[in-house]
Amino acid sequence: QVQLVESGGGLVQAGGSLRLSCAASGRTFSRYAMGWFRQAPGKEREFVAAITRSGGSTYYADSVKGRFTISRDNAKNTVYLQMNSLKPEDTAVYYCAASGSYIPTEWKNPNGMDYWGKGTLVTVSS
């Protein structure tokens, strides 16, 4: 079992930045690929970014590529999402998730993730 707790959400103006954190406890953090997803009101949960167990490879949705950066610190059992140049359309609840799969395409699908946090709200005002 892995417990995930997100933090760092809040209200920011368009063009601003936020850094989300996700602290993991329970089973060995480094055994899992990690991902960030988001869900806006009335929309389905969508993939944002993912990172391999070592942190050596990262994957991004086209909508955030070049603006968001995912990273992890296995010594601190934490994964981060640095969000820059935020847009109003980035407004959503952001979820951290962990996957035991070794297949990157599965990390881009909510059904491919094994554990979820409860989410943190990011609101970007225009």
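Residues numbered from 1 in each chain as written. Predicted model: local features only at pLDDT ≥ 70, side-chain atom pairs only at ≥ 80, totals over all residues. Heavy atoms only, no water.

Caption draft 1: Spotlight on the sheet that holds strand 7 (residues 68-73). The strand order across the open sheet formed by four strands is 1-3-8-7, and the pairing between neighbours is antiparallel. Both edges of this open sheet fall to strand 1 (2-7) and strand 7, since each of them pairs with a single strand only. For this sheet, the mean angle separating the axes of adjacent strands, direction not counted, is 15°. By the bridge criterion, six bridges tie strand 1 to strand 3 (residues 18-26) in an arrangement that is antiparallel. (Pairing = 2+ DSSP bridges. Helix = DSSP H or I, 4+ residues; strand = E, 2+ residues; numbered from the N terminus. Axes fitted to C-alpha atoms, helices over the stretch in contact; angles between N-to-C directions.)

Caption draft 2: Inspection of the side chain of Arg 38 at higher detail. Tracing the backbone shows Arg 38 in strand 4 (residues 33-39). Here the side chain of Arg 38 touches Ser 63 through a polar contact of 3.5 Å, side chain to side chain. Within the structure, the side chain of Arg 38 is placed 2.9 Å from the side chain of Asp 90, a separation counted as a polar contact. Setting aside chain neighbours within four positions, we find Arg 38 in contact with Glu 44, Arg 45, Glu 46, Val 48, Ser 63, Val 64, Phe 68, Glu 89, Asp 90, Ala 92, Val 93 and Tyr 94. (Polar contact = N/O pair within 3.5 Å; in protein donor to acceptor, adjacent residues only side chain to side chain. Contact = heavy atoms within 4.5 Å.)

Caption draft 3: A look at the state of the cysteines. Using the criterion set out here, one finds one disulfide in the structure. At a sulfur-sulfur separation of 2.1 Å, the disulfide partner of Cys 22 is Cys 96. Judged by the sign of its S-S torsion, about -75°, the cystine formed by Cys 22 and Cys 96 is left-handed. In this pair, Cys 22 sits in strand 3 while Cys 96 sits in strand 9 (residues 92-99), placing the two residues 74 residues apart along the sequence. For the pair shown, Cys 22 and Cys 96 are each scored as buried. (Disulfide = S-S within 2.5 Å. Buried < 20%, exposed > 50% of the residue type's maximum accessible area, 1.4 Å probe, protein only.)

Caption draft 4: Structural context of the pairing of strand 11 (residues 120-125). Of the two faces of strand 11, the one holding Thr 120, Val 122 and Val 124 is buried and the one holding Leu 121, Thr 123 and Ser 125 is not buried anywhere. Note: strand 2 (residues 10-13) against strand 11, four bridges, orientation parallel. Along strand 11, the bridge assignment pairs Gln 13 with Ser 125. When strand 9 meets strand 11, the two strands line up antiparallel, connected through three bridges. Across the sheet, Ala 92 pairs through a bridge with Val 122, a residue of strand 11.

Caption draft 5: The environment of Ala 23, seen in detail. With respect to the helices and strands, the residue Ala 23 is situated in strand 3. The residues contacting Ala 23, other than those within four sequence positions of it, are Gln 3, Leu 4, Val 5, Asn 77 and Thr 78.

As far as function goes, none of this settles anything; it's purely spatial.
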